Amino acid sequence: MKSRWIVNVLLLVLVLGIGAFIKFRPQQELKVETSYEISSLKLGAVSKLSIEFPAKASIVFEKKDGYWYLAQPMKARADQMMVQRIISLVGAKSAQKFAAQDLTQFGLDQPKLKLKFDDEEFVFGTFNPVTSEQYVSYKDSVFLLPVVYAENAQSPVEEYLDKSPFKPNERKQVVGFDFSHLEQWEQVRLNVDLVDGAWKVSDPKAKPKQNEMNDWFDAYWRNISVQRVEPYTPDRKTPYPSFEVKLADGKKVHFDKIQESPELLLGRPDEGMMYHMPMDIGFTLMNPPINAGK
């Protein structure tokens, strides 16, 4: 009995000792990471964006009816996602913040790049070799930010062009096609139209299957995007084969088929843009599965 009592006492002492150690041991200091918002600007409030370089022409975007357009060096629809990536700078956070006093030490006396969101200017300086980040000044402060913000703003101007042949308000309005001015459809004057949810074909010999027509439209036209876009000046002396896309509001979008191989080139005269896409995709775009003569 005495030995059991001694064991219990020792266990009690051990438990009390462990508890005291846990309670009174030195507490590790918690590290709280500090982050600074570089601006209070709101992403959706910006209506004009200017990208300024030290040795080449500026690129300017303007927002109209909720969509971004290139204003300089050309007028064209812009790639919405690319513009949004640039503007995301306004919501960036930095782990370091400095007073904008000696701009030379940050390379801000000779900026690599300037971004203007409406009247607010962000200036990009040199890179920090330790963090591999870039110094960016805004108002009276300098921040260290990932280089991706500068990279997003330094693409060739052609990369900022919208890769869709349709305007934003046209994409969901497509209800038919007039292919009658393409060589392969001139004899039958082919038109295909979506009427009350079903595809109608002008060729009396055609026997279209609705599921095949829907697959063709969904896969190739509903979310059409191209590889490359460039300015296009129509040559009125050389008429090209062409087709028109019909919209629900009664309007039509005209496309010139400039070239079929080795890649398809489609020109949109009203916007002065030419679209590049692979030959096989281009062939399928202009040849719906109407099952003519079968």
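This write-up is about the structure you can find in this document. On a predicted model such as this, the values are computed, not experimentally measured, just so you know.

**Some words on the sheet that holds strand β8 (residues 113-117)**
- Ordered in space as β5-β4-β3-β2-β8-β9-β10-β11-β7, the nine strands form an open sheet in which the pairing is antiparallel. The sheet is open, and its two borders are formed by β5 (76-77) and β7 (97-99), each paired with just one other strand.
- Across the sheet, helix α2 (residues 80-87) touches β2 (48-52), β3 (59-64), β4 (67-72) and β8, and the angle it forms with β4 is around 85°.

**Considering the pattern of salt bridges**
- Per the counting criterion, the structure on display carries 15 salt bridges.
- Across the salt bridge formed by Arg-222 and Asp-218, the nearest N and O atoms sit 2.8 Å from each other. Here Asp-218 and Arg-222 lie together in helix α4 (residues 210-222), a separation of four residues that amounts to about one turn.
- Given the relative accessible area of 44%, Arg-222 is considered partly exposed.
- Here Glu-244 ties to Lys-252 by a salt bridge, and the two come within 3.9 Å at their closest N and O atoms.
- Beyond isolated ion pairs, a larger network of salt bridges with shared partners links Arg-77, Asp-162, Glu-170, Arg-171, Arg-268, Asp-270 and Glu-271.

**A look at the environment of Ser-50**
- With respect to the helices and strands, the residue Ser-50 is situated in strand β2.
- Its relative accessible area of 10% is what places Ser-50 among the buried residues.
- Considered as a pair, Ser-50 and Ala-153 are 103 residues apart in the sequence and their alpha carbons are 9.7 Å apart.
- Setting aside its immediate chain neighbours within four residues, Ser-50 contacts Ile-59, Val-60, Lys-114, Leu-115 and Lys-116.

**Overview of the environment of Val-142**
- Of note, Val-142 is situated in strand β11 (residues 141-145).
- In this structure the C-alpha to C-alpha distance between Val-142 and Phe-124, which are 18 residues apart in sequence, comes to 9.5 Å.
- Excluding residues within four positions of it along the chain, Val-142 makes contact with Gln-96, Lys-97, Phe-98, Ala-99, Ala-100, Phe-106, Leu-108, Tyr-135, Val-136 and Ser-137.

**With respect to the pairing of strand β16 (residues 242-247)**
- Among the six residues that make up β16, five are buried, leaving the element largely enclosed by the rest of the structure.
- Relative to β16, strand β12 (residues 174-178) is paired through four bridges, and the arrangement is antiparallel. Bridge pairing in β16 links Phe-177 to Val-245.
- Sheet topology note: the β16/strand β17 (residues 252-259) ladder contains five bridges and is antiparallel. If you follow Ser-242 over to β17, its bridge partner there is Asp-256.
- The loop that links β16 with its antiparallel partner β17 comprises four residues; one of these, Gly-250, has a positive phi angle of about 95°.

Analysis parameters
Residues numbered from 1 in each chain as written. Predicted model: local features only at pLDDT ≥ 70, side-chain atom pairs only at ≥ 80, totals over all residues. Heavy atoms only, no water. Pairing = 2+ DSSP bridges. Helix = DSSP H or I, 4+ residues; strand = E, 2+ residues; numbered from the N terminus. Contact = heavy atoms within 4.5 Å. Axes fitted to C-alpha atoms, helices over the stretch in contact; angles between N-to-C directions. Salt bridge = Lys/Arg side-chain N within 4 Å of Asp/Glu carboxyl O. Buried < 20%, exposed > 50% of the residue type's maximum accessible area, 1.4 Å probe, protein only.

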